[in-house]
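Each chain is listed here by its residues.
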Amino acid sequence: MEDLGLVAWPPEPIRTDRLVLRESEARDRAAFMELLASPEVNAYLGGPRRRDELERETPEVPERWPGSFVVDLDGAMIGQILLRRATGHRRPAAEGKADLGYLFLPRAWGFGYAAEACAAALGWFGGALPGEPVVLTTQTANVGSMRLAAKLGFTEVERFEAWGAEQWLGMWSPVMPSS
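To start, this report covers the structure provided alongside it. (Residues numbered from 1 in each chain as written. Predicted model: local features only at pLDDT ≥ 70, side-chain atom pairs only at ≥ 80, totals over all residues. Heavy atoms only, no water.)

Overview of the pairing of strand E6 (residues 134-139)
What counts is decided by this rule: Think of it in three bands: with a 1.4 Å probe and only protein chains considered, a residue is buried below 20% of the maximum accessible area for its type, exposed above 50%, and partly exposed in between. Helix and strand definitions follow DSSP, with helices as H or I runs of at least four residues and strands as E runs of at least two, each counted in order from the N terminus. Two strands qualify as a pair provided that DSSP identifies no fewer than 2 bridges between them. The handedness rule is simple: strands pointing away from the viewer, and a clockwise path from the first strand over the helix to the second, make the crossover right-handed.
Burial of E6 is extensive: five of the six residues sit out of reach of the surface. Strand direction decides the pairing type here: strand E5 (residues 98-104) and E6, joined by two bridges, are parallel. Note on E6: the bridge partner recorded for Ala98 is Val134. In this region the chain leaves E5, passes through helix H3 (residues 113-128) and returns to the parallel neighbour E6; the handedness of that crossover is right-handed. Summarising the sheet, E6 and strand E8 (residues 165-172) pair through six bridges and their orientation is antiparallel. In the sheet register, Val135 faces E8, and the bridge partner there is Met171.

Describing the pairing of E8
Burial analysis of E8 places seven of its eight residues in the buried class, which makes it a mostly covered element. Here strand E7 (residues 155-162) runs beside E8; their pairing, made up of seven bridges, is antiparallel. Considered in E8, the bridge of Thr155 is made with Met171. Hairpin connection from E7 to E8: two residues lie between these consecutive antiparallel strands, with Trp163 at a positive phi of about 55°.

Put into structure tokens, the structure is as follows:
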């Protein structure tokens, strides 16, 4: 994966009704480690990382690169949105396109925060890189992620086997104003 290219980074924080999407800060380190060590969060992502490993390897200000947004609720990190170029993707339909990923702490599940944050990130992306599609890959067994993809307007491109499970590849295309 690579960054998004010629995009000014970081953007101004993106505000929704309940959330702020912003660049990571040192105060987010513990939440990042909680995300990466959570068995629930990583059930469809290859499993959790060991906490002692994360303590050693996580920098003071984690995940500070173009395309990585902290999702903030009332001043605390509840998740992360990732937008990166899909280089070296297993599927030709995704190669070179922006790829959307998201992780949310289990305590933030079920409140619509992921849909709200992802929609805001896609809106920002559509403004920053007009007309560019975005891809999303998830396991078909991840019912919540499949529902979110549909809610965000991703349409199925294909299903394929990888990492020992059926995967779903969807694509989102921004609505372009008619001339």
